[in-house]
Structures are given as structure tokens and as C-alpha cells.
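Residue strings, one per chain:
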Amino acid sequence: MVYLDHAATTPPRPEVLADMTDGFGVLGNASSLHAAGRQARRTVEESRETIAEALGCTPHEVVFTSGGTEADNLAVKGLYWARHARDPARRRVLVSAVEHHAVLDPAHWMADHQGALVEELPVDGYGRLDPGTLRAAIERDPGSVALVSVMWANNEVGTVQPIAELAAVAAEYDIWFHTDAVQAVGVEPVDFAASGVSALTLTGHKLGGPVGAGALLLARGVDPVPVLHGGGQEREVRSGTLMTPLLRGFATAVRLAVAERAEHAAELAALRDELVAAVRAAVPDIRLNGHPTERLAGNANIGFPGCEGDALLMLLDAQGICCSTGSACSAGVSQASHVLLAMGADPDTARESLRFSLGRGSTSADVKALAEAIGPAVERARKARARRRS
Ligand SMILES: Cc1ncc(COP(=O)(O)O)c(C=O)c1O
């Protein structure tokens, strides 16, 4: 199998698997007072310290969650509720139009059910949000903004946002700024304190850790109203028995991903350029979506004129090549990606794209396999679309 979908999930590293396998054999609930509980607590707190050190925050600022979706929901809902409760005039939630659904959907849910006013801020043709656009949106009525949420890097097209600049704009107006850095940690230099953001989401399974462990980093004084209620295990902000072995693996993955980041990103970028060149040699009229330079090292989102991305995906899958359209498919009808639409593509063009994402273990042999398969697959997909339309 040729796996070119590391942005969807990437395998746990051997060190992580070893840590977790050991951990699953150890009994103890981190909230229990006896020796077994205290041992589990030690593991949890060591994991918290490891993550804090790798990401430039204090251990107290790390709130463990089950992953990115939960952390995003806690940020969007919890920070809105907390800010709105203190100042009822604050009802606006500003998000970029290219956010992941784990941010967009809770934001729109808050609008439908909790009286929030959600504004999707427009991006340019590369998917970047201009800090001036954020400033103008805030300045329309600064005292009414409860929260800003802009992702560090986009999961579909790989575009990296000017996060520190955007966070600085929000800080000028004393507005909390959340960023979903799920795709960025381990590829981009992510330092929580230096970035100036108030809250940051990360997840284990995108950086060599387990599925089911993630975190929301929260700066001092940024306290969301909980979404999950119960034992209050995480600073009363998040309840649920702590998943000790997963957190241990998560921490190891974050530590290694951050330590090896620069070298890994350089390797990925070189392989990504090789992939784009090889695909272009086979299909000369492709388009590379996203920013030409400010993009994730492992991401190549490519438009294939005259093809349905879904059809092309299935044709490549039949050749053992895994990739993604990056967009949702409901009841068999392909939907154009909201990210590409926000970048100015028309629905037909948006449906022509595929995302290839590289990760640890990706090789030139993977690129070669894709290069061999893509030409005939595109030809078949073009014929199929032309037949359907004639
Ligand atoms: C940008 C982004 N945010 C959030 C998520 C959701 O994270 P998780 O799968 O850990 O819930 C993903 C995963 O696809 C993502 O790419």
C-alpha cells in the first residue's frame, strides 16, 4: 500500500507504541489516592511537563482532552461562554472561513442555540487570512467580540497562517485568540508563549502519537466554561478519567516530533516537491492549491482539470494508493470543499482536487508509484466526467 494520507492520521512511532504497551500493563487511576493511583498521577504529570517543555508553555497550561475535536469544542464553546458571562455584550465569534469543521461546526452550533453571532472571515486565493481583515472585523465593534479562532495551518491545502501577527491584533483589543494547531505541531515551529495566542489545540494521531489523546493549551487567566462535567480531573475544565498510557505515548510523540521537526520538515518538503514535479510531468495542466511557500512541508493539494476528485481517488485506491479529497461526501454526492470555495474556486473546480500528504515513512518509491498511476487514472477520470456530462 502507498499511504499518502498522513494529514488524516499518521501511524504511532515505535517509541510511542513501546511506551503505551508498557503503560497498558500498569494499573491505576490518576485520581486515586493509593500507591497505584499516585504512580498513574506521576505518569500523567510527567507527560504534561514533557508537552509543556516541547511547546513553550507551563505544565499548568496543558489541559488533556480526547483529541483535536474535543479541544476545539472546548475552546469555541467554553471560551465563548466564559467571556460572554463576564460581558454579555460580547456575542461575536470571528473564525476564518477555512477552519476545520471541529471549529466551524461548534461555532455555528453556538449561533443556532446560544445566541452567538458567527462571522466567517474571508481569506485570499491562497487561503491566508490577512491581519488587516481581522482588524477591520474587530474594529466594526471591538467590545462585542467574544472570541477569535484561526487555525495555525490548514489541513486541506496546507496554507500556514501568520498566527503571531493575527494573535497580536486580537491582543490589542483584549480579545481571546484560539488556534487549531493540529496540523502544525511537529512540522511548523510552534511555541505557545512566543505565539501570543490564548488557547491552542493539538492532537496525538497527527504527529506519531495515539488516536484518542490531545490537549488544549490555555494561557493563564483564560478559563473556559467546561463542556464535559463530572470529576473535574483537568483543573475543573475537563472531566473524565485520565487515559494514562495514551498520555504517556502522546507526550513521547510530541517530544520527538518537536525535537526532530526542522530536519523532518526539510525532508518532507523535498519529497513533496518531488511529488508535485512527478505528477506535473505526467499531467502537465495540474494546479497546486494553497500558498506556494507558506505551506505545510508534507502537503500537496492538487487540482486535476476535467476530473472528479472522488473518481480519481477511487481509481488510485484501486492501485493501492491512499489519498484524500479533503472534502466531505454525504450520501454519495461529493461536496465541494469549503476551503477551496473560500479561496475563490467555483464548485466544479473545487471538486477536481486531491490532497496528497506525506509523513514519517514516506519515500521516493511512494512518489514513483503515484507518478506511474496518476496519468492513466486522470485519463479515465476525464473520460468518465465527459461521458456523464454529454
Ligand atoms: C485541523 C484539524 N483540526 C481538528 C482535527 C480533529 O482532530 P481529532 O481527529 O483529534 O479529533 C483535525 C483532524 O482531521 C484537523 O486536521
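This text follows the structure it describes.
Quick notes on the rules
- Along each chain, residue indices are assigned from 1 in the same order as the chain's sequence is written.
- The predicted origin of the model limits local features to residues at a pLDDT of at least 70 and limits the giving and counting of side-chain atom pairs to 80 or more, whereas totals for whole chains, interfaces and linings rest on all residues.
- As a rule here, side-chain values come from all non-hydrogen atoms in the structure, and water together with hydrogens is ignored.
- A run of DSSP states H or I qualifies as a helix once it reaches four residues; a run of E qualifies as a strand once it reaches two. Both are numbered from the N-terminal end.
- To estimate how far a helix should reach, multiply one less than its number of residues by 1.5 Å.
- For each residue, the accessible area found with a 1.4 Å probe, counting protein chains only, is set against the maximum for its type, and the residue is called buried under 20%, exposed over 50%, and partly exposed in between.
- Between two residues, a contact is recorded if the distance between any of their heavy atoms is within 4.5 Å.
- The aromatic pairing rule takes the rings of Phe, Tyr and Trp, using the six-membered ring of Trp, and pairs them if the centres are within 6.5 Å, calling planes under 30 degrees apart stacked, those over 60 edge-to-face and the rest tilted.
- For a Lys NZ or an Arg CZ to count as sitting over a ring, it must be within 6 Å of the ring centre and within 35 degrees of the ring normal.
- Near residues are defined by distance, with any heavy atom within 4 Å of the molecule or strand qualifying the residue.
- Each polar contact in these results corresponds to two N or O atoms within 3.5 Å; when the atoms are within protein, one needs to be able to donate a hydrogen and the other to accept it, and residues that are neighboring in sequence are counted only if both atoms are side-chain atoms.
- Reported accessibility uses the Shrake-Rupley method at a 1.4 Å probe radius. Residues are deemed covered only where the shown protein chains occlude them.
- For cavity detection a 1 Å grid was placed over the protein atoms alone, and a set of points counts as a cavity when a 1.4 Å probe fits there but cannot get out; an open set counts as a pocket when protein lies on both sides within 12 Å along at least five of seven lines, with lining residues being those that have an atom within 4 Å of a point.
- Cavities and pockets are treated as containing a molecule whenever more than half of the molecule's atoms lie within 2 Å of their grid points.
- Residue classes follow a fixed rule: Ala, Val, Leu, Ile, Met, Phe, Trp, Tyr, Cys and Pro count as nonpolar, while Asp, Glu, Lys and Arg count as charged, and any other residue, Gly among them, counts as polar.
- A side-chain nitrogen of Lys or Arg and a carboxyl oxygen of Asp or Glu constitute a salt bridge if their distance falls within 4 Å.

Along an α-helix, residues three or four apart share an orientation, since each turn contains 3.6 residues. Helix length check: helix α4 (residues 101-114), at 14 residues, gives a terminal C-alpha distance of 18 Å against a target of 20 Å (1.5 Å per residue), a fit within 8%. Residues A102, V103, L104, P106, A107 and M110 constitute the buried set of α4. Check the buried side of α4 and you find it contacts α3 (68-86), β3 (92-96), β4 (117-121), β5 (145-149), β6 (177-180) and α11 (338-342).

Of note, A184 is situated in the loop between β6 and α7 (192-195). The spacing of A184 and K77 is 107 residues in sequence and 22 Å in space, taken between C-alpha atoms. What A184 contacts, discounting residues up to four positions off in sequence, is W152, A153, V190 and L296.

The geometry of an aromatic ring pair comes down to the distance between the two centres and the angle between the two planes. By the definition in use, this model includes two aromatic pairs. Measuring from ring centre to ring centre gives 6.4 Å for F64 and F250, while their planes differ by 65 degrees; the resulting arrangement is edge-to-face. With a gap of 186 residues between them, F64 in strand β2 (residues 62-65) and F250 in helix α8 (residues 244-259) connect regions that are remote in the sequence. F64 gets classed as buried once you look at its relative accessible area, which sits at 0%. A centroid spacing of 6.5 Å and a plane angle of 85 degrees characterise the contact between F304 and F356, whose relative ring orientation is edge-to-face. Taken together, the residues span a long stretch of sequence, with F304 in the loop between β10 (299-303) and α10 (309-318) and F356 in strand β14 (residues 353-357) at a distance of 52 residues. Above the plane of the ring of W109 lies K77, whose end atom (NZ or CZ) is 5.1 Å from the centre. Between R83 and the ring centre of W176, over which it is positioned, the NZ or CZ distance is 5.4 Å.

As a further point, take the site of the ligand. Near the ligand lie 13 residues; those nearest to it are G68, T69, D180, T203 and K206. At 2.8 Å from an oxygen atom of the ligand is found a main-chain nitrogen or oxygen belonging to G68. One of the side-chain nitrogen or oxygen atoms of T69 is found 2.6 Å away from an oxygen atom of the ligand. In isolation the ligand has 400 Å² of accessible area, and contact with the protein removes 84% of it. Its atoms largely coinciding with the cavity grid, the ligand occupies the second largest pocket. Considering each element in turn, the shell around the ligand owes the most residues, three residues, to α3. Of the residues that constitute the shell around the ligand, the class distribution is two nonpolar, eight polar and three charged.

Scanning the entire structure with this criterion turns up 26 salt bridges. We note a salt bridge from D19 to R248, for which the minimum N-O separation is 3.8 Å. Separated by 229 residues along the polypeptide, D19 in helix α1 (residues 14-24) and R248 in helix α8 bring together distant segments of the chain. A relative accessible area of 29% places R248 in the partly exposed class. Notably, a salt bridge pairs D273 with R272, separated by 2.9 Å at the nearest N-O pair. Overlapping salt bridges, with partners in common, bring together R287, E308, D348, R351, E352, R385 and R389 in one network.

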